[in-house]
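Commentary on secondary and tertiary structure
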Amino acid sequence: MTEETATTAEEDHLLLSADTNGDGKPDVWMTDTTGDGKADLYQFDTTGDGTVDVTITDVTGEGEEHRTVIEGDGGHPRSS
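Described in the following lines is the structure provided in the data block. (Residues numbered from 1 in each chain as written. Predicted model: local features only at pLDDT ≥ 70, side-chain atom pairs only at ≥ 80, totals over all residues. Heavy atoms only, no water.)

**A look at the overall build of the chain**
Within the chain one finds zero helices and five strands. Each helix and strand of the chain, placed in order from N terminus to C terminus, yields the pattern β-β-β-β-β. Here the chain holds 80 residues, and the buried ones make up 24% of them. Within the chain, contacts between residues at least 6 apart in sequence are counted, and of these 10% link residues at least 24 apart. (Helix = DSSP H or I, 4+ residues; strand = E, 2+ residues; numbered from the N terminus. Buried < 20%, exposed > 50% of the residue type's maximum accessible area, 1.4 Å probe, protein only. Contact = heavy atoms within 4.5 Å.)

**Looking at the pairing of strand β2 (residues 28-31)**
Sheet topology note: the strand β1 (residues 14-18)/β2 ladder contains four bridges and is antiparallel. Bridge pairing in β2 links Leu16 to Met30. Pairing between β2 and strand β3 (residues 41-44): four bridges, direction antiparallel. Counterpart to Thr31 in the pairing with β3 is Leu41. (Pairing = 2+ DSSP bridges.)

**What about the side chain of Thr55?**
Among the secondary structure elements, Thr55 is positioned in strand β4 (residues 54-60). Accessibility expressed as a relative area gives 4% for Thr55, which makes it buried. For Thr55, the residues in contact, after removing those within four places along its chain, are Leu41, Tyr42, Gln43, Thr68, Val69, Ile70 and Glu71.

**Remarks on the environment of Thr51**
Looking at where Thr51 falls in the secondary structure, it is placed in the loop between β3 and β4. Given the relative accessible area of 42%, Thr51 is considered partly exposed. At a separation of 2.9 Å, a polar atom in the side chain of Thr51 contacts the side chain of Asp49. (Polar contact = N/O pair within 3.5 Å; in protein donor to acceptor, adjacent residues only side chain to side chain.)

**Describing the environment of Asn21**
With respect to the secondary-structure elements, Asn21 resides in the loop between β1 and β2. Distance in space between the C-alpha atoms of Asn21 and Gly48 is 8.3 Å, their sequence separation being 27 residues. A distance of 3.3 Å separates a polar side-chain atom of Asn21 from the backbone nitrogen of Asp23. Of note is the side chain of Asn21, whose polar atom sits 3.4 Å from the side chain of Asp27.

See the structure below:
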């Protein structure tokens, strides 16, 4: 099981933040939480309200890497 990582994208290892919708505020953050130079925490404000609503982490297991959605729907449409 993956332990939740609460962040505000202000960590020392923030690699990238971007304003993807042109409102002048960052809404995508890529963070290296391990210090290995690779992003492993991805956070998105998909609604433009200034709060992170999708959090995805890269998890490394025995010889394989995969992503785990911690919060939100990972960008997939919600089913009704």
